[in-house]
Amino acid sequence: MKRHPLLIPLSQDHHHSLAMCARILRDPAADHRADFLGHQADLLAHFAEEERLFAPWWGKLAQTAMRQRFESDHALLRQMLAAPELDNPDWLKNFAETLRGHARFEERELFQALQEVLPEEEAT
C-alpha cells in the first residue's frame, strides 16, 4: 500500500532510526556515542511530531491498543533517551531493540491503520 503523504517524512525518519539500530546491534560493545547523540534530539522531535499529527485521529481508530502501545513506547524511549548508558553494551542493545520494535510497529501496524482514517484532502 502506498504511504499517505503525511506519513512519508515519518517513514523516512524510521529508516534512519532502523539504520542506527542495525549499527548498534551489529556490535553493542563498540563506541556508539556519536551516533546516539547525533540522533537523540531528532528522535525526540520525531516523537513530538507524531503525537501532534496523530492526536486528531486516535478516536477514529478501531483498535485502542495501538494508541496505548504508541504512548507507552514513546514514554519508555524518552526515559531511555534522557538517561543513556552509552558505555553499557546491554543498555545499548536494549535501546536498539526497543527503538527497532517501535519503528516496525508503527510502519507495519499503526501507519496502516491510520491510512484508513486520514482524509484524502490532506494527501496533497
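Residues numbered from 1 in each chain as written. Predicted model: local features only at pLDDT ≥ 70, side-chain atom pairs only at ≥ 80, totals over all residues. Heavy atoms only, no water.

Per an unreviewed UniProt entry, the chain carries the name Hemerythrin-like domain-containing protein and comes from Eikenella longinqua.

*Asks:* Please give an account of the overall build of the chain that cites residues and values.
*Replies:* Each helix and strand in the chain was counted, giving four helices and zero strands. In the chain, the succession of helices and strands from N to C terminus is α-α-α-α. Taken over the C-alpha trace, the chain has a radius of gyration of 15 Å; the compact-globule value for 124 residues is 14 Å, and the two agree within 12%. Along the first, second and third principal axes, the C-alpha set of the chain runs to 45 × 25 × 20 Å. Expressed as a percentage of the 124 residues in the chain, the buried residues total 40%. Long-range contacts, defined here as pairs at least 24 residues apart, represent 79% of the contacts in the chain between residues at least 6 apart. Total accessible area on the chain is roughly 7,000 Å²; 51% of this is exposed by carbon and sulfur atoms. (Helix = DSSP H or I, 4+ residues; strand = E, 2+ residues; numbered from the N terminus. Rg over C-alpha atoms; globule rule 2.2 N^0.38 Å. Buried < 20%, exposed > 50% of the residue type's maximum accessible area, 1.4 Å probe, protein only. Contact = heavy atoms within 4.5 Å. Areas by Shrake-Rupley, 256 points an atom, 1.4 Å probe, with all protein chains shown as cover.)

*Asks:* An account of the side chain of S11 is needed here, citing residue identities and associated values.
*Replies:* Along the polypeptide, S11 turns up in helix 1 (residues 8-26). Look at S11 and you get buried, because its relative accessible area is 17%. At a separation of 2.8 Å, a polar atom in the side chain of S11 contacts the side chain of E107. Here S11 is in contact with R3, E107 and F111, once residues within four sequence places are set aside. (Polar contact = N/O pair within 3.5 Å; in protein donor to acceptor, adjacent residues only side chain to side chain.)

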